[in-house]
Amino acid sequence: MTERTRAEAAGTERKGGGMIALIGLVIGVGLGLALHPDVPLWLQPYLPIAIVAALDAMFGGVRARLEGIFDEKVFVVSFLSNTVIAALIVFLGDELGVGSQLSTGVVVVLGIRIFSNAAGIRRKLFGA
C-alpha cells in the first residue's frame, strides 16, 4: 500500500496545502518588495547558487506530488541539503581559487535536474 492510499484509508489526507504555499509565496514576495532587504557582501556569491538549488528541490517536490509520492520530510531535507551542499561547493571553490568553475558546474548539474523534473511534470500534466 502506498503512502497516499494509507493516508486516504486513514482519512488523514491533507487538503489545501497548495493554497498555504501560495499564500506564503505571496507574503514573502510582498515583504521582499516592501522591505528591500540588503544581501550582505560575503553572501552574494552564494545566493544565486542557493536559489538554483532551492528551485531544483521545488521542481522535484512538484514532480513527486504529481506522481503521488510526495513526502514532506523528504522535501524539507532535500531543500535544505541541496542548498547547503551547493553553497559549500561554491565556498570550497572560492577557497581553492576556482570558484567560478565550480559555480558553473553546480549550475549545470542542478539545471539538468531542473529540466529533467520539468519534463516529468510536463509528461504528467499533458501526457506528452
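Below or above, wherever it landed, is the structure these notes cover. Note that the coordinates shown come from a computational prediction; the quantities given were computed from them, not determined experimentally. (Residues numbered from 1 in each chain as written. Predicted model: local features only at pLDDT ≥ 70, side-chain atom pairs only at ≥ 80, totals over all residues. Heavy atoms only, no water.)

**Considering the packing of helix H3 (residues 47-66) against helix H4 (residues 72-96)**
The cut-off we apply is this: The axes used here are C-alpha line fits, helices contributing only the stretch in contact, and every angle between their N-to-C directions lies in the interval 0 to 180 degrees. Numbering of helices and strands starts at the N terminus; helices are DSSP runs of H or I of at least 4 residues and strands are runs of E of at least 2. Our angle categories are set so that under 35 degrees counts as roughly parallel, over 145 as roughly antiparallel, 65 to 115 as roughly perpendicular, and the remainder as oblique. Crossings are assigned a handedness: left-handed for a near helix turned anticlockwise from the far helix by less than a right angle, right-handed for a clockwise turn. The contact definition used throughout considers only heavy atoms, calling two residues in contact when any of these lie within 4.5 Å. For this classification, Asp, Glu, Lys and Arg are treated as charged, while Ala, Val, Leu, Ile, Met, Phe, Trp, Tyr, Cys and Pro are nonpolar and the rest, including Gly, are polar.
Two elements in contact, H3 and H4, have axes whose closest approach is 8 Å; the angle formed by their N-to-C orientations is 155 degrees. By the angle class used here, H3 and H4 are roughly antiparallel. The way H3 lies across H4 gives a crossing that is right-handed. Here Ile 49, Ala 50, Ala 53, Ala 54, Asp 56, Ala 57, Met 58 and Gly 61 of H3 come into contact with H4, specifically with Phe 75, Ser 78, Phe 79, Asn 82, Thr 83, Ala 86, Ala 87 and Val 90. In the contact of H3 with H4, the residues fall into 11 nonpolar, four polar and one charged.

**Regarding the packing of H4 against helix H5 (residues 99-126)**
Orientation of H4 relative to H5, taken along the N-to-C sense of each, is 155 degrees, at an axis distance of 7 Å. Classed by the angle they form, the pair H4 and H5 counts as roughly antiparallel. Crossing geometry of H4 relative to H5 is assigned as right-handed. Across the interface between the two elements, Asn 82, Ala 86, Ile 89, Val 90, Leu 92, Gly 93 and Asp 94 of H4 pack against Gly 99, Leu 102, Ser 103, Val 106, Leu 110 and Arg 113 of H5.

Nothing here speaks to function; it is all geometry.
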